[in-house]
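Notes for the structure review
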Amino acid sequence: MVILEVQNIYSYCFDSPISMMDINGKLPTFIKNAIKVIKGMITSSVFDIIISTPYAGTGGAYVLPMVAKAISNFKNNNKLEKNSPITKCIDNQGLYKKWMLGWEKLDKCGCELIAVYNVLRCKRKTRTLSSLALQFELSGYVMGCGFLGSSPTKLWSCFAFAGLKYGITFSISELQNKVKEYKYGIISCWNSGNIGKLHTFMIKYDGKNFYSLNGYSERNSATSLSKLISNRKMIVGYWFR
């Protein structure tokens, strides 16, 4: 259905005998926005495929080891958390070398988990990081057994579970306006120079500048989101009312 929908919209926009360009040869804004939504739908579908592929045709042979690993990880992570309680937002995932998500170390794959943890803490819906990691694994957010991190397009279901009022967008300008209005957000971007690799982190606005928590190391504050991510390509963004 998604493929047919994309084909129909694409055909309407570009295959029509009547040009969709304006007098200056540019696409109207509503068409540009429609294209962004289509790109977002395709991206989301790709992440869905990455998540679901290991389950295909394996039945319990794959699911049961994943559940067992999730429980084992929770015991490990919860013990670490009790020994070193987390008392504030996380701004350096590199400190979590002994934590696990799937079969990967959290310092290598935990950016989506940490972004959600930070937002929940800022919105006074604090969860322990170990229990949130367990939820990520049991709910199927984790991609490629953890080696690919977690799906940024699936985070909305975690927000809904936590009772957060949220919005989702594939437009960086819309995300910037919404974070200016509501203060907190999450952004996921493709890493420059690393095909297929991405990074997800929390952003906040103080009335003048945008700040990142656990963001890109070269910049943690800027006057715009484009500058904050050093003009990397955004995948998806969320804001929170």
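Data block above holds the structure.
Residues numbered from 1 in each chain as written. Predicted model: local features only at pLDDT ≥ 70, side-chain atom pairs only at ≥ 80, totals over all residues. Heavy atoms only, no water.

1. Some thoughts on the pairing of strand 8 (residues 234-240)
Just so we agree on the cut-off: The buried label goes to any residue with under 20% of its type's maximum accessible area, the exposed label to any with over 50%, and the partly exposed label to all in between, with areas taken from a 1.4 Å probe on protein chains only. Helix and strand assignments follow DSSP, with helices taken as H or I runs no shorter than four residues and strands as E runs no shorter than two, numbered in order from the N terminus. Whether two strands pair comes down to DSSP finding at least two bridges between them.
Most of strand 8 is tucked away: seven of the seven residues are buried. Bridge count for strand 3 (residues 166-169) against strand 8 is four bridges, and the pairing is antiparallel. By the bridge assignment for strand 8, I168 is matched with Y238. Both strand 4 (residues 184-190) and strand 8 contribute to a ladder of six bridges, which runs antiparallel. Opposite C189, over in strand 8, you have M234 as the bridge partner.

2. Description of the sheet that holds strand 6 (residues 210-213)
Here is the rule we go by: In what follows, residue pairs with any heavy atoms lying within 4.5 Å of each other are defined as contacts. Interaxial angle, 0 to 180 degrees, is taken between N-to-C directions of lines fitted to C-alpha atoms, where a helix line uses only the stretch in contact.
As summarised here, the arrangement of the six strands in space is 3-8-4-5-6-7, forming an open sheet in which the pairing is antiparallel. Strands with a single pairing partner mark the edges of an open sheet, and in this sheet they are strand 3 and strand 7 (221-222). In the packing of helix 5 (residues 111-122) onto the sheet, contacts are made with strand 4, strand 5 (198-205), strand 6 and strand 8, and the angle to strand 5 comes to roughly 15 degrees. Of the strands in this sheet, strand 3, strand 4, strand 5 and strand 8 are in contact with helix 7 (residues 155-162), which crosses strand 8 at around 10 degrees.

3. Topic: the environment of I71
Along the chain, I71 falls in helix 3 (residues 60-83). The class for I71 is partly exposed, based on a relative accessible area of 43%. In this structure, the C-alpha to C-alpha distance between I71 and E137, residues 66 residues apart in sequence, is 9.2 Å.

Don't take any of this as a statement about function, it's just geometry.
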